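The primary structure of each chain is shown beneath.
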Amino acid sequence: MRHWSDTRTAALLVASLAVLSFAQDRTTEQGEAQITDPNQECAPYFYAPSSNAINSFPPIWTVATLLASDTAGQAKWNSISASIPTDIQPKGQPNGSTIGVTYDTVNDPDCWWTIRQCTTPKRSGIPSDIASIPEPKTMGYAFDDGPNCSHNAFYDFLASQNQKATMFYIGSNVMDWPLEAQRAVADGHEIGAHTWSHRYMTALSSQDAFAELWYTMQAIKLVTGVTPTSWRPPFGDVDDRIRAIAAGLGLETIIWKYDSNDWRNGVNGITPADVDADYGYFISNSTSGTFNTVGGIMLTHELNNYTMSEAIKFYPQLQSAFSHIVPIGVALNKTQPYVETNYSLPSFSQYVGGTTATNGSSSSGGSSSSGSGTSTASSSTASSSSGGSGSSGSSKSNGAAIAVAGVTPVLVAGAALLIASLAL
Ligand SMILES: [Zn+2]
């Protein structure tokens, strides 16, 4: 009797799981993209390529360290470490505290953006940050902190407008939400790196800062098949030491001159009205001619539903205020945004002429994190497929659902305010 009961219970369980899996397909990018219930969207899931590779990466949401077993990472570090300035020491704490830091804020010898928004390095041989874009009356459109598990409504909106953007992804989020990262590539957005654990980079040792970027690049490669060539420092916190590390990894540093402060909503008294005013300030600058010769970049986020709803709310006004809204790479005519050469963005003239789709396809199937994805070029629409074995070997059964997700990061919002109120 007991045996029968257990069997029946098991059968019911299987049946209910079957219904559940029919209702929400969490095995493919296409299936995930169709989930609209935020509660379902943010349920952790197993995805073999990334879930099985977690031992090839630092623990998520902790400051990355270069793994002793990572021979490719060790080799890359060894190849660039000599190019990193040794006369710049880490500053403050990874949470943004600068208590006890002494720094010449008048002369700003390290071109520390956090202090004076410096974007032109004081050391030679280091590329300048990109804080504006060359195309007039144009907005470089970018969102930080994704992939967010509940971004489908926002990405659906962008798709409905045939609007592409640059998504600066956090490596830990990519490991948590790999199918959501794939959606960005499938939708034709450009992906850049936004570090592994979203700490203040200038506070980290050079090797840890390297690891923050390196493992973010590897995570994006693992789940999307492409390796970014741009990054954005969390909180804008970059100096010549960190710039040199990024340059050694082939990453352009993308910054901004305007901040929507959407990420600060609810922090230190910042209200939705304040955020609306900051959007309005950027828009009024455009209508008054500020961007008539050089286009603008404003800091906005995929951080939560509020920041994404703000982006949707202000999109019509941005469209009216600017002649063009384009991904950062498109604004820079950077038609090859990834290490992999089988994938290209439209040029600026192509994009504003109506050709907004990306070219090429990517596949992460089976390749190691340092290999190039196999390619089958398609005419106009990018596709991304994954499901390969990843860097740690063949897939195991989905039955052992190792939930690598479920941790909602508490970003160190407000810490930048702390810096602003200290040492200046
Ligand atoms: Zn961020």
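Residues numbered from 1 in each chain as written. Predicted model: local features only at pLDDT ≥ 70, side-chain atom pairs only at ≥ 80, totals over all residues.

J.: Requested: an account of the overall build of the protein, with residues and values cited.
T.: Broken down by element type, the protein carries 16 helices and 11 strands. Within the protein, the fraction of its 424 residues that count as buried is 50%. Considering only intrachain contacts with a sequence separation of at least 6, the fraction spanning at least 24 residues in the protein is 73%. (Helix = DSSP H or I, 4+ residues; strand = E, 2+ residues; numbered from the N terminus. Buried ≥ 20, exposed ≤ 12 C-beta atoms within 10 Å, placed from the backbone. Contact = placed C-beta atoms within 7 Å.)

J.: With reference to specific residues and values, describe helix α11 (residues 240–248).
T.: In terms of burial, α11 is largely enclosed, as seven of its nine residues are buried. Those residues of α11 not exposed but buried are D240, R241, I242, R243, A244, I245 and A246. Looking at the buried side of α11, the elements it contacts are α10 (206–224), β4 (230–231) and β5 (252–253). G250 lies just past α11 and shows a positive phi near 75°.

J.: Break down the confidence of the model for the protein for me, with residues and values.
T.: In this model, the protein carries a mean pLDDT of 84, and residues with pLDDT of at least 70 account for 79%. Within the model, pLDDT remains below 50 along residues 1–22, and this stretch shows zero contacts once partners closer than five positions in the same chain are excluded. Counting interchain partners and residues more than four positions distant, the pLDDT-below-50 stretch residues 362–424 has 138 contacts. (pLDDT = per-residue confidence, 0-100.)

J.: Requested: an account of the nonpolar core, with residues and values cited.
T.: Within the largest apolar cluster, 92 residues are counted, with the highest numbers of intra-cluster contacts made by Y169, V174, A193, L213, A219, I220 and I245. No other element matches the 11 residues that α10 contributes to this core. In contact with V174, other than residues within four places in its own chain, are P147, Y169, A181, A219, I220 and V223. (Core = buried A, V, L, I, M, F, W, Y, C linked by C-beta atoms within 7 Å.)

J.: Residues and numbers for the packing of helix α12 (residues 272–287) against helix α13 (residues 305–321), please.
T.: At a minimum axis separation of 10 Å, α12 and α13 run at an interaxial angle of 15°. Judged by the angle between their axes, α12 and α13 are roughly parallel. Both α12 and α13 take part in a crossing whose hand is right-handed. Within the contact between the two elements, α12 uses V275, Y279, I283, S286 and T287 and α13 uses E310, F314, Q317, L318 and A321. For the contact of α12 with α13, the per-class residue count stands at six nonpolar, three polar and one charged. (Axes fitted to C-alpha atoms, helices over the stretch in contact; angles between N-to-C directions. Parallel < 35°, antiparallel > 145°, perpendicular 65-115°, else oblique. Left-handed = near helix turned anticlockwise from the far one by under 90°. Nonpolar A, V, L, I, M, F, W, Y, C, P; charged D, E, K, R; others polar.)

J.: Run through α12, naming residues and quoting values.
T.: Along its 16 residues, α12 runs 22 Å from first to last C-alpha, staying within 8% of the 22 Å computed at 1.5 Å per residue. Within the span of α12, buried status applies to V275, D278, Y279, F282 and S286. Seen along its axis, α12 keeps its buried residues to an arc of 95°; they face one direction. Those residues of α12 that are exposed and aimed more than 90 degrees away from the buried face are A273 and T287. The inward-facing, buried residues of α12 contact β6 (258–259), β7 (296–299) and α13. Two residues or fewer after α12 comes G289, characterised by a positive phi angle close to 105°. (Expected span 1.5 Å × (residues − 1). Arc of directions from axis to C-beta.)

J.: Help me get a handle on the pairing of strand β3 (residues 190–193), residues and values and all.
T.: Of the two faces of β3, the one carrying E190 and G192 and the one carrying I191 and A193 are both buried. Here four bridges tie strand β2 (residues 166–169) to β3, and the two strands are oriented parallel to one another. Of the residues in β3, the one forming a bridge with Y169 is A193. (Pairing = 2+ DSSP bridges.)

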